[in-house]
Each structure stands twice: as C-alpha cells, then as structure tokens.
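This is what each chain is made of:
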Amino acid sequence: MPRMIHNRPAPRAFMLILILGLVIGLTFALAACQDDGDDPATAEPTPGTVIPATATVEPTPTATATPTPSPSPTVPAVTPVETPTDGTDDDGETEAPDPTGLLTYTDDLYGYSLLIPEAWTGERPATGLRSVAAVFETDDESIMAQTLVLYQEEPTPPDDIVQDQISPLAGLSAFRIITEAPVSLDDGTEAYQVLYGYGTGSNEIRGSITFVTRGTVAVGIQVQAPRNAYERIFDTLEAVVTSLRIVPTEPFGVPRDESLILYLSDVPLTMDPGIATDFTSAQYIRQIFSGLVRLDDDLLPAPDLATWEVSEDETTYTFTLKDGAAFHDGTPVTMEDVVFSWQRALNANLPPVGGSGGSYLDDIVGAQDYAAGSADSVSGLEVVDDNTLVVTIDEPKSYFLSKLTHTSVYVVKESNVPDVPEPRGEDTQQDDGSEQDEDETATEDAADDEEAMPEWWTTPIGTGPYRLAEYVPGRAVHLAAFDGYVGGPQSIENLVMLFHSGLPAAMVEEGIIDATTLIGAQTYASLQEEQSPLFDNITRAEQLSISYLGFNTAIAPFDDPDVRRAFLMAVDRESILEEHIGGAGRLAHGFMPPGLPGYDEEITAIPYDPERARALFNATAYAQMADSPPIVFVFAGADISPFHRAILEDWQQNLDVRIAYRAYGATYFYALPVILEAGANIYEYGWLADYPDPYNFLDTLFHTESEYNVGRAGSAEIDTLLEEARVAGEDRLDLYRQIERRMVDEAIAFPLVFGEDYVLVADHVTNLTLDSQGFLRLDGVTLEPRESEDGS
C-alpha cells in the first residue's frame, strides 16, 4: 500500500476530500512551472536553483513528528452590550454575582479541570485548531471563554507560553496589556496571566489569558467580554480561571490501567475499507473490520472469518465461515455480505475516488468485467449457502490468498454503508457540458470542512477485533474489544488512539501515551546520542517497503530512457541518504526489499557517475532544446525536505536542468493520477508490502496496466515477463530477479531506500512489537500497573 517511508507524518487533521476539487488551479499551476514567461518564480532562473512552483502549498505534515504549533488565540467577534458605566443594571440596582454554585468541568482527554457556572456548557469544537480544547457557551453571548492545550518541544515556563499567545492580539485596534504577572491557582500551582484590552468607548473589550504547565504540556484559559460585562462578572471569571488544574488524562473515562493509549499517526483519511489504500487509514480499519483471510505473525495467510479448501488445479477456493462470525451489532455474517463487499470494492463509482479492490480481486473470474461495468455481477463468485462461498480464479496463482488479506476486501454491512451507483453508471452533465458524477456535489460540500466525513464512518459496523466505541473528530478514537470476534480474544480491552499530541518521546516519558510509532531516524539518533533512558524502550524493525521517485513516462522528457538513466546516475544517493536520514533503512538499488522472497543481494549497484550522466543527458532531444521547460517535481508535505532538496540540487548541478517543485497535502496519493495528468514529471512514492510476494512490488507497481503505476513506467516486454511470473512454478523467484534487473536497466523509477520502522513503548507495556508491514502486533500485549501523571 502507498506510504511515505522516510517521510513519517506529523500530527494534523485531514479527511479524504473530493480529488477532482484538488485540480482547481492545478493545471494552471503546473503550466506556470513550465512557462518561460515573466512569472518571477520561473522566469530566467539561474541553473542550479530549485524553483518553487507558483501554486499555493497546502500545509501538511513534515518529515519528523513535530509538536502542534502554538496557535493564535481565537478572538471571536464580540458584539458589545450597552451597560451602565456605574456598574448598575437597567433598574439601577447594583449587580455583583456571587461566584458560588460553580460546577466542575473535567476534560479527561486533554487532562484538565476547572469550575464553571451552572449555565455554561463546554464543547470541543469539531473543526479548527486542535489546541482549542473546549469552547464554552455562556449565559451571555457577549462573553467568550475557551480552554487551550499546547504541546511544546521541551518544558516551557508559563510566562513564555502566554507571551506567545498574546502577541497575535497586538494588531487589534487600541490593544494594550493592562497587567501581567504570576498568579497562584487554587491548588497552589503557579501560573501566569495577562489581562488585556482593545477597542475604545462602547466597543472596548477586556480579557485575560492564563497558562499553567506540566512537563511539555501547557493548559490555558482565555476569557473576554465587553468591558462593562467583564467588570460586572470579574469575580466569577477569576474564580473560573484560578480553578484551572492539570489532572491525569483518562480518555473516554476508561481507567488508565485498562486501556492502551497510542499515538500512531494522523486522523485516518478514510474509514471505508472499500476505498482505502493508504497506511494511515489501514491502521484503524484493520482493527474495526476484517476479512475472510488474515496474515499471521510470519505474514502468511491464515483463517480470519473463514477457513478454505483449494481444488487440485488450484483455481477454485471454497470458503466456509467460522461458527459465530458476526458483525459488531450481533448480526451473523453471511457470504452474501462478502460478495456485496467485494463487488462494492470493485465499483469505480464508490465515492469519492472509486473502489480500491481492483488490484486485489482482479484474479477472480469476471471481476474485471464487473469493474468495467460490462457485467452485473462477478461470475467467479458463487454463494452456495449463507456460510459457503466458491471463488474461481483465472489461473493458479500462489499469492491469491495473500491478496485477500488487504483491507479493501474486508467485509462491510450493507445497511451500514450508503447506496452506491452501479459500476460505470450514468453521469450527469453540468451547464458547461462537462461531466459530473452524481455524488460530486455532495462530496464538494464535505470538502469545505477539514473534519467532514460521511456519517457512517463515525458509526461503522465491522467484524474486526475492536468496535468503535466513541469518536471525537480530529482528536481521538476509542476502540473496545469485540467479544464476538472469531479471530480470537484480545488481551487489551480498550485501545485509545490520539490524533492530537506533541513530541511523541516526551508524551511517552510523561505518561500521557503508552506507545508511539512516530519515532523517525532523527529522533532515534538523538535519543541514542543523549543516552536517554527511553532509548532502551525503542524497538527497531526492518520494513518490507521501498521509497522511490517515479517518472511520468507518459510525457517528455521521461518517455526517453536515456533521460531517466542520466537522472539516476547524476545523484550521489549514498551520501544524501547518510546525511539526511542516517541509518534509517538500506540504500536501494532495486525494488524488492530485504526479507521479501526473491530479494536479490547481488543486483548491480546504481553508480554515481555525474560525467557519464551529463554526456548521456546532453545527447537527448530534451537537453538539446533551445529553451527547455523546467522539470516539475511533486511530493507529499508542507515544504520540500532537505532530503529531496539535495537530490534536486544534484540534478541541477550535474545535468544543468531547472527543477520546479510543488507540495501537496494528505490526499497526495489519491490525487496523484490527476496531478500527473496535469503535467508533473517526477513524483515521490513509497510502498509497503500488502503481503510478502514479489508480485506485490514488481507487478503491482510497474505493470503498465496496474492502477498503482501512476507514472505508466515499464514496457510491453516487461509486462510479458510479469504475466509469465504470475503463474510460474519453482523458478518464479529467479524470473522476478531477472525482471527487476531489467527494470533497473531501463530506469523505470529512481529507487531510494528500503525502510525501517520504530516503536517507542512505555515501561509498563510488554510484548508490543511491530511486524514487517509496520503494524502493531497487539495479541499478547500486557499492561502492568503504572505511575499516574502526578507521580502517584
């Protein structure tokens, strides 16, 4: 499945949006990259200078997990309420509310509590800054109150936090700091507070920002109101502010000793098995949903919901559901549910990007016809009865069962998911004559909201080891063990997965989380250099993965194999990898990683030979153009990483070419076909094994008809060899090695590194490890009694 290997994502909330919406302005942006007009970003650049593309960069995670940035305080527009300046009400009587009768408000997810008036209600905002933990609805709409939780790179004094938070307000009209000083909260903790004002006359606003810290966590409260209202209820507001306390986190009210709190990655892009292809989403989907077959600890096919028998000619599989196989709502699973789920995953109309099952179900007789809309059903699927399914494939293929372990063929409940148009259904025509899918408008509306998701994603009914107990958009999810899971009982009753967090190592050290996989090579090296006690808590594991750069061979100049060969030889990959990602992974000269059957230890190394590269490149038609356009490089991220920049600089220095780059957000993988169609030339790509077979790397990534070969690299000759290897016998691994060497010789892509993964685990957690796909092994994990965050 697609995954960035060296580029581990940092926390940020994104949901899968309509990919066509991403194209707005894209074609023009890429055209601008290749235009030698007067645009300052592209006009007459000096060779050797990396040119940023002119399109707006969508912010997205950087290479190493970083703390949530300190946001500007939210300052809602406040409508001043006209009140007498002498502190009296409309009847002339003095109002002095007594700050008694306050109720305790506790946020067990973020770990703080405070007292609030009975009339106030607090809610976590569904969108916006994650650091805004709660916004309070007060009995007076002119009064604003909100809490904030920030995660710092290192312990920071509360006065520094407050100064950072107050500084963005300085641009407000007549802004002024009235007082600032340390304050003692009710429990004796020292905090820091700034009282401020802005505006004049009847429009004057007063407010305060107060922060307290513990370790790398800072918790604050901001209150403000029109001056007269603020002064009238000052005692109440101060009682609220000084009651603020940092308390041990206990997400979703589950006792800490009964839950495993994980910080794995960002919000899943999708919770729909039928469309998911990315690793981030798969981490969550594989806990909630399941299929007929799973991979065991050795990544070999094993029964999940069903057992099976194989015919003598190895083309017919008879699956039988296990006794008691059921959905989370108790409904028995039937083989009709399986057929529905598989055909749904083959449906190109599945919103918003089409089903992802084609690459995993295409061996079944009739699957390709159904996906193309030329058949009403998949002819190779025969439901014998509720518990029996006969599956016929086109040829004997040793890897077929492994393909059925992919999340795209997991079972969903028909009544739980929305209706989907028939495959290749009729589209509706827009006023301008262009075609628009029936579901496009609805998805565009959802795309306006970063946290928007189909409603059923928040109430999924799966068959997996855990059921979704509660979902807090953009912040956390609670999964509870499903007692009816036929794959076996879970040793951990509750999984809590946080989407909002700071520096992962600090979060483990401070007891806020129990484990994290957001440990990159740089963090690993720094913990080693610092002789951190946490270093012994890190497990390092090789991945069955590769990171590479793909060439868009559909357009010049990379339709020319000599241009591709020159680009390979022009980069000092070994030095760049050593400098920028250290020992995280192994330099790749081919496309099959170590540990994969068929891995070739003797494959010829790709040489760094800038002189030969320049000579080869200068002989190409592209190099001989009088005014050749720049090469456009696209990648996932907020900005170009030093790793990628070094590669681009080698190309520019050694080949005297111009490179324009363009960053994309979290939907990069889903949008990539459209991005390349718009004219991008080189793209960042990573692949993590769906199952341990050469087919999943060489055929899935580089057969010219594969949906994952988005750059259309390869050739008819390579396709023929790949098709031969699909049904080859004992010599199939040797055949795959020959194919790989031919791929390298034709420079169909730019291999970079075979990846590694890390997991950092707290002392009280045992037997939590990673498999070679990078997924956590949760079976057999145990939790020992732990110290609370307050040290007790």
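Residues numbered from 1 in each chain as written. Predicted model: local features only at pLDDT ≥ 70, side-chain atom pairs only at ≥ 80, totals over all residues. Heavy atoms only, no water.

### Looking at the overall build of the protein
Along the protein, the regular secondary structure elements total 21 helices and 34 strands. The contacts in the protein between residues at least 6 apart in sequence include a share of 69% that link residues at least 24 apart. Within the structure as shown, the protein displays about 31,600 Å² of accessible surface, and the carbon and sulfur contribution to it stands at 46%. (Helix = DSSP H or I, 4+ residues; strand = E, 2+ residues; numbered from the N terminus. Contact = heavy atoms within 4.5 Å. Areas by Shrake-Rupley, 256 points an atom, 1.4 Å probe, with all protein chains shown as cover.)

### Digging into the layout of surface pockets
There is about 640 Å³ of room inside the second largest pocket. R286, R294, L295, L776 and D779 are the residues nearest the centre of the second largest pocket, which is lined by 30 residues in total. The set of elements that each furnish at least two residues to the lining of the second largest pocket consists of α6 (279-288), β13 (293-295) and β33 (776-777). In terms of residues, the lining of the second largest pocket owes the most to one element, α6, which gives 3 residues. (1 Å grid on protein atoms, 1.4 Å probe; cavity = no way out; pocket = protein on both sides within 12 Å on 5 of 7 lines; lining within 4 Å. Points joined across faces, edges and corners; volume = space filled by probe spheres on them.)

### A short note on the pattern of salt bridges
Under the criterion given, the structure shown has 23 salt bridges. Three or more residues are tied together by salt bridges with common partners; here these are R176, E204, R206, R227 and E231. (Salt bridge = Lys/Arg side-chain N within 4 Å of Asp/Glu carboxyl O.)

### Topic: the confidence of the model for the protein
In the predicted model, the protein carries a mean pLDDT of 84, and 83% of its residues have values of at least 70. Contacts for the low-pLDDT stretch residues 5-49, under 50 throughout, to residues beyond four places or in other chains number 143 contacts. (pLDDT = per-residue confidence, 0-100.)

### Topic: the packing of aromatic side chains
All told, the structure shown has 31 aromatic pairs when counted by the stated rule. Taking 5.7 Å as the distance between ring centres and 80 degrees as the angle between the ring planes, the aromatic pair formed by Y284 and F499 counts as edge-to-face. Taken together, the residues Y284 in helix α6 and F499 in the loop between β23 (494-498) and α12 (504-509) connect sequence positions 215 residues apart. Note on Y284: relative accessible area 2%, which makes it buried. Here the aromatic cluster, defined as three or more aromatic residues joined through ring pairs, consists of Y548, F591, Y664, Y668, F669, Y683, Y685 and F702. In this structure, R286 is placed above the aromatic ring of F775, and the distance from its NZ or CZ to the ring centre is 3.9 Å. One Lys or Arg, R662, reaches over the ring of Y664 and ends 4.3 Å from the middle of that ring. (Phe/Tyr/Trp six-rings, centres within 6.5 Å; stacked < 30°, edge-to-face > 60°. Buried < 20%, exposed > 50% of the residue type's maximum accessible area, 1.4 Å probe, protein only. Lys NZ or Arg CZ within 6 Å of the ring centre and 35° of its normal.)

### As for the sheet that holds strand β7 (residues 176-184)
Taken in spatial order, the 7 strands of this open sheet run β4-β5-β6-β10-β9-β8-β7, and their pairing is antiparallel. The open sheet has two free edges, formed respectively by β4 (121-123) and β7, since each of these has just one partner strand. Ignoring strand direction, the axes of neighbouring strands in this sheet form an average angle of 20 degrees. Packing of helix α5 (residues 234-242) onto the sheet brings it into contact with β8 (190-198), β9 (205-214) and β10 (217-226), and relative to β10 it is tilted by some 170 degrees. (Pairing = 2+ DSSP bridges. Axes fitted to C-alpha atoms, helices over the stretch in contact; angles between N-to-C directions.)

### Digging into the side chain of Q490
Within the secondary structure, Q490 sits in the loop between β22 (476-481) and β23. A polar side-chain atom of Q490 sits 3.3 Å from the main-chain carbonyl oxygen of G488. Residues contacting Q490, with those up to four places away along its chain left out, are P465, Y466, A481, Y485 and D779. (Polar contact = N/O pair within 3.5 Å; in protein donor to acceptor, adjacent residues only side chain to side chain.)

### Thoughts on the sheet that holds strand β11 (residues 245-246)
Paired through their backbone hydrogen bonds, the strands of a sheet run either parallel or antiparallel. Across the sheet, 3 strands lie side by side as β2-β3-β11; this open sheet has antiparallel pairing. For this open sheet the edge positions go to β2 (103-107) and β11, each flanked by a neighbour on one side alone.

### A word on the side chain of H406
Counting through the fold element by element, H406 comes out in the loop between α10 (400-403) and β19 (428-429). Reaching out from H406, the side chain makes a polar contact with the side chain of S408 at a distance of 3.0 Å. Reaching out from H406, the side chain makes a polar contact with the side chain of D690 at a distance of 3.5 Å.

### Regarding helix α7 (residues 335-345)
The buried count for α7 comes to 9 of 11 residues, which makes it a mostly enclosed element. By the burial criterion, the buried members of α7 are M335, D337, V338, V339, S341, W342, Q343, R344 and A345. On its buried face, α7 sits against β16 (316-321), α8 (358-361), α9 (367-371), β17 (381-385) and β18 (388-392).

### Re empty space enclosed by the protein
Unfilled space is identified by rolling a water-sized probe across the atoms. Scanning all chains against the criterion turns up 4 cavities of 30 Å³ or more. When its volume is computed, the second largest cavity comes out at roughly 80 Å³. Contributing to the lining of the second largest cavity are L262, L264, Q283, R286, Q287, M497, G774, F775, L776 and L778. Residues belonging to the lining of the second largest cavity are distributed by class as follows: 6 nonpolar, 3 polar and 1 charged. (Nonpolar A, V, L, I, M, F, W, Y, C, P; charged D, E, K, R; others polar.)

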